[in-house]
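Each chain, written out:
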Amino acid sequence: MAEDFARAVEDGLKLAKRIYFGNDRAVAAPRLASPMERAASAAHAHLPTAPMVYAVIHEPGIVDNPDLPSYQPHVHGRCDPPALIPLQMNAIELDVDCYLDTALVTVTGSWRVHCVMGSKRCDCRIAIPMGEQGSILSVEVEIPRKSYTTQLITAEDGHELEKTAQPQSGGFLKPNIFTITIPQVDGGTNLSIKMSWSQKLTYNEGEFFLDIPFHFPEYVTPAVKKISKREKIYLSVNAGTGTEVLCKGCSHPLKEKMRKAGKLRFSYEADVLKWSNTDFSFSYTASSSNIVGGLFLQSAPVQDVDQREIFSFYLFPGKQQRTKAFKREVVFVVDISKSMTGKPLEDVKNAISTALSKLSPGDSFNIMSFSDETSLFSTSMEPATPDTVERGIEWMNKNFVVADGTNVLPPLEKAVEMLSNTRGSLPMIFFVTDGSVEDERHICDAMKKRLASAGSVCPRIHTFGLGIFCNHYFLQMLANLSRGQHESVYNTDHIEERLDKLFTRALSTVLLNITIEPLQNLDEIEVYPSNIPDLTSVSPLMIYGRYRGKFPEKVKANGLLGDMSSFSADLSVQSAKDIPLDKVFAKNVIDLLTAKAWFSEDKQLIEKITKLSIQTGVPSEYTRMIQLENTEEALKPSDTGGKKQTGSNGEKQKLISRTIPLQNFGIGFGDTTATRENVPPGFGEQRAPDAAEKFVKAASSCCASLCNKCCCMCCVQCCTKLNDQCVLVFTQLFTALACIACFECCSNVCCACGGDE
């Protein structure tokens, strides 16, 4: 899908050469990349690197300046698939609120359909690239006499709506790029768009890092000099610690507006010649060199579906750790089914090789591969000496050979058994798969029983899901049961990078078996996740919960350090008046509850997730996103129905609403059929063939089948016995098939040439 999108933008830039702006130009015509540049960045060429809007062009003949027609020769044919012309942007505003480890981002901008005749219309596609673990919240669009806004409804209502209305194209182009289409916008129209999403801050050595895609290509700058270009950025930081926050770096010239304990506020406004050509980045530090933590209390919002009180606590690992590191016993369990062929398996091997090199000689490891059968590097744990690590890598190169089948339970049981007798060390299992199996709930039950009898420090199962065919909620549940971590990647571009991130985070554990005391006197308490994960040196720990009763005034966080000594720290309890905890943790809570609902098959829990998703605007597996269209029309004397209002010009109007379903973009609960058929992992769907393609394919298959069954002499003898009418029918049929193929070819060529050839 991403490659198709990039090709459509390239076709659109070619078509944009037809547009005439006169002599008053501020920028050159869109420059196309050279063949060498396109080859060097083929995977990412023309994908949006900032919020963008595109004109969807099916008919190349409508491409022209709506204000200054060029009267170029008409272009015949159609663009199939349609070309995408990037619209010029007139204003942009970025508003970011950082709370704890989450950023709530809002972008407001104005774009103009500068490339379509004033008498014509086209769809407009909005593309929103997001940062780390981005989750779309809402999109609002205003054009003259019309407005559009996204909403979430229940999955059942979504299914009913799809029976009467065709879903509009939209959803995720890539896991971090959301798209939505606005139907039939007049040429020359200005679109005012407001888009919101949440994303995570990254953390490294005591610093938080914020990165937001904000790199606009030159060709979205308005071509006319007299159009003013206003760029605004507003940033607020609430670290929640109550200690001084220090700014460490910034990509744009922000001006400090406010500084308080734990809080910062900045702004930037400027008239610019060109839009921002770099992503917006900001980094700050707010923690000490030691493990520190705090706890927030907050009343539930009035409209909240869960009226229990809210609490949240955090632990920061600090910049330096002088305590003894954990002795680690690590087992890598890798799926080598045929769907892992090629790059996926090579990336997994490279990531494991890197992880092995980070182990200390005092650590131990083992490697397992599984398909229908399970293979082991060694029958026992091996010390992580340089020689043994080298032998392990050689074993992977020799034995990571793809095979049929995906039998998950035996290698997991073997790994847990291998780590069952550990003493004074941190046992962990890294489980990597791209598939889904039928007995996943049974696997969770079996692991839950084994882990319960594994001692005070049970093996941590860290899971990595690759692609869209594995059940990521099963893997998250498996990790939650053991205080482990879960990481996922939906396409094959960043397997090694994301897997290395999981390995680094898990192998840098500094505090385990974390508990919060005393909470036993509360009337009711629920923690997300129920088993608190370990604290690592490369990421803070953020926990969310609900409770009833009187919360204790003094709270402690307890755990075990690397030498297995006890750790205890007082948590400062404070009221979180200006931190929207329900919004900050909404995505994490919905994901955890969805994994729990999948495992328990609890209908009441599914209903709770649905309400929470609609309330917070965070999409879930049990909701569907729709687009609500409101159209203003002049009120006629005969009109009796509909919502009435007074327009800006004082005339009476009626408001007509229409609900447009969007395509379902949930990841689902795995695909066992794709796993059995060894379909390679990836993101996005295969394009469905249209009617002409089906007809041509069927005809060609029929002809091929006929040729396979008839020899040349048989065909000659058969043709000599045909009458004139039969020959005429066959001639017309094959001529029609040839015309269909010729028309498709000519249309694509015409679109690719932009009508110039």
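Residues numbered from 1 in each chain as written. Predicted model: local features only at pLDDT ≥ 70, side-chain atom pairs only at ≥ 80, totals over all residues. Heavy atoms only, no water.

The name an unreviewed UniProt entry assigns to the protein chain is VWFA domain-containing protein, from the organism Brassica campestris.

(A) Seen up close, the pattern of salt bridges. For the structure on display, the rule yields 37 salt bridges. The closest approach of N and O atoms between Asp 186 and Arg 121, which form a salt bridge, is 2.7 Å. Taken together, the residues Asp 186 in strand E9 (residues 177–186) and Arg 121 in strand E5 (residues 121–129) connect sequence positions 65 residues apart. The salt bridge involving Lys 174 is made with Asp 493; its shortest N-O contact spans 3.2 Å. One end of the pair, Lys 174, is in strand E8 (residues 170–174); the other, Asp 493, is in the loop between strand E26 (486–489) and helix H9 (495–507), with 319 residues separating them in the sequence. On the accessibility criterion, Lys 174 (8% relative accessible area) is buried. A relative accessible area of 38% means that Asp 493 is categorised as partly exposed. (Salt bridge = Lys/Arg side-chain N within 4 Å of Asp/Glu carboxyl O. Helix = DSSP H or I, 4+ residues; strand = E, 2+ residues; numbered from the N terminus. Buried < 20%, exposed > 50% of the residue type's maximum accessible area, 1.4 Å probe, protein only.)

(B) Examining the pairing of strand E12 (residues 207–212) more closely. Covered by surrounding structure in E12 are Phe 208, Leu 210 and Ile 212 only, the residues Glu 207, Phe 209 and Asp 211 on the alternate face being uncovered. Where strand E11 (residues 202–204) and E12 come together, 3 bridges link them in antiparallel fashion. Along E12, the bridge assignment pairs Thr 202 with Phe 209. Taken together, E11 and the strand that follows it, E12, pair antiparallel across an intervening segment of 2 residues, in which Glu 205 is found at a positive phi of about 50 degrees. Of the pairings in the sheet, the one linking E12 to strand E17 (residues 280–285) comprises 6 bridges and is antiparallel in character. In the strand pairing of E17, Glu 207 is matched with Thr 285. (Pairing = 2+ DSSP bridges.)

(C) The arrangement of the environment of Asn 204 in detail. Structurally, Asn 204 is set in strand E11. The class of Asn 204 is partly exposed, set by a relative accessible area of 40%. Put simply, Asn 204 and Ser 539 are 335 residues apart on the chain and 7.0 Å apart in space, counted from C-alpha to C-alpha.

(D) The arrangement of the environment of Lys 577 in detail. Note that Lys 577 resides in the loop between strand E32 (566–575) and helix H10 (581–584). Separated by 279 residues in the primary sequence, Lys 577 and Gln 298 place their C-alpha atoms 7.0 Å from one another.

(E) Representation of the packing of aromatic side chains in the model. One pass over the full model with this rule turns up 28 aromatic pairs. Measuring from centroid to centroid gives 5.0 Å for Tyr 203 and Phe 208, while their planes differ by 65 degrees, and the two rings are edge-to-face. The residues Tyr 203 and Phe 208 share a single accessibility class, namely buried. (Phe/Tyr/Trp six-rings, centres within 6.5 Å; stacked < 30°, edge-to-face > 60°.)

(F) Representation of the side chain of Ser 369 in the model. Tracing the backbone shows Ser 369 in strand E21 (residues 364–370). Relative accessible area serves as the criterion here: at 1%, Ser 369 is assigned to the buried category. Excluding residues that lie within four positions of it along the chain, Ser 369 makes contacts with Val 334, Ile 336, Thr 374, Ser 375, Trp 395, Asn 399 and Phe 400. (Contact = heavy atoms within 4.5 Å.)

(G) Molecular detail of the sheet that holds strand E14 (residues 246–250). Taken in spatial order, the 4 strands line up as E11-E12-E17-E14 in an open sheet, and their pairing is antiparallel. Two strands close off the open sheet at either side, each with one partner strand: E11 and E14. Taken over all neighbouring pairs, the strand axes of this sheet differ in orientation by 25 degrees on average, direction set aside. (Axes fitted to C-alpha atoms, helices over the stretch in contact; angles between N-to-C directions.)

(H) Up close: helix H11 (residues 586–600). An ideal rise of 1.5 Å per residue puts 21 Å on 15 residues; H11 measures up with 21 Å between its terminal C-alpha atoms. Buried residues dominate H11, accounting for 11 of its 15 residues. Burial in H11 covers these residues: Ala 586, Val 589, Ile 590, Asp 591, Leu 592, Leu 593, Thr 594, Ala 595, Ala 597, Trp 598 and Phe 599. In this fold, the buried residues of H11 make contact with helix H7 (440–452), helix H8 (472–481), strand E28 (524–528), strand E30 (541–548), H10 and helix H12 (603–616). (Expected span 1.5 Å × (residues − 1).)

(I) Quick peek at helix H1 (residues 2–15). Across its 14 residues, H1 extends 20 Å between first and last C-alpha, which sits within 8% of the 20 Å expected from 1.5 Å per residue. Of all 14 residues in H1, 10 are buried, a share of seventy percent or more. Turning to H1, its buried residues are Ala 2, Phe 5, Ala 6, Ala 8, Val 9, Glu 10, Asp 11, Gly 12, Leu 13 and Leu 15.

(J) Here's a closer look at the sheet that holds E5. Ordered by their spatial adjacency, 5 strands build an open sheet running E2-E1-E5-E9-E8, and the pairing between neighbours is antiparallel. Two strands bound the open sheet, and with one partner strand each, they are strand E2 (83–86) and E8. Put simply, the sheet's adjacent strands are angled 35 degrees from each other on average, direction ignored. The pairing of strand E1 (residues 52–57) with E2 spans 4 bridges and is antiparallel. In the strand pairing of E2, Val 56 is matched with Leu 84. Relative to E2, H1 is tilted by about 65 degrees, and along the sheet it contacts E1, E2, E5 and E8.

(K) Representation of the nonpolar core in the model. Ile 57, Ile 126, Val 139, Phe 178, Leu 210, Leu 235 and Phe 280 are the most contacted members of the largest nonpolar core, which has 116 residues in total. Ranked by residues supplied to this core, first place goes to H1 with 7 residues. Among residues more than four places away in sequence, those in contact with Val 139 are Ile 126, Ile 128, Tyr 148, Thr 149, Thr 150, Phe 178, Ile 180, Ile 193, Lys 194 and Met 195. (Core = buried A, V, L, I, M, F, W, Y, C linked by side-chain atoms within 4.5 Å.)

(L) Up close: the pairing of strand E18 (residues 292–298). Where burial is concerned, most of E18 is hidden: 6 out of the 7 residues are buried. By the bridge criterion, 7 bridges tie E18 to strand E19 (residues 309–316) in an arrangement that is antiparallel. Counted as the bridge partner of Leu 297 is Phe 311 from E19. Relative to E32, E18 is paired through 4 bridges, and the arrangement is parallel. Considered in E32, the bridge of Leu 295 is made with Val 573.

(M) A look at the side chain of Arg 125. Topologically, Arg 125 is positioned in strand E5. Buried and unpaired, Arg 125 has Asp 123 as its nearest opposite-charge partner, separated by 6.3 Å. Within the structure, Arg 125 has its side chain in polar contact with the side chain of Thr 181 (distance 3.4 Å). Residues in contact with Arg 125, not counting those within four places in the same chain, are Phe 5, Met 52, Val 53, Tyr 54, Val 56, Leu 84, Ser 169, Thr 179, Ile 180 and Thr 181. (Lys, Arg positive; Asp, Glu negative; His and termini not counted. Polar contact = N/O pair within 3.5 Å; in protein donor to acceptor, adjacent residues only side chain to side chain.)

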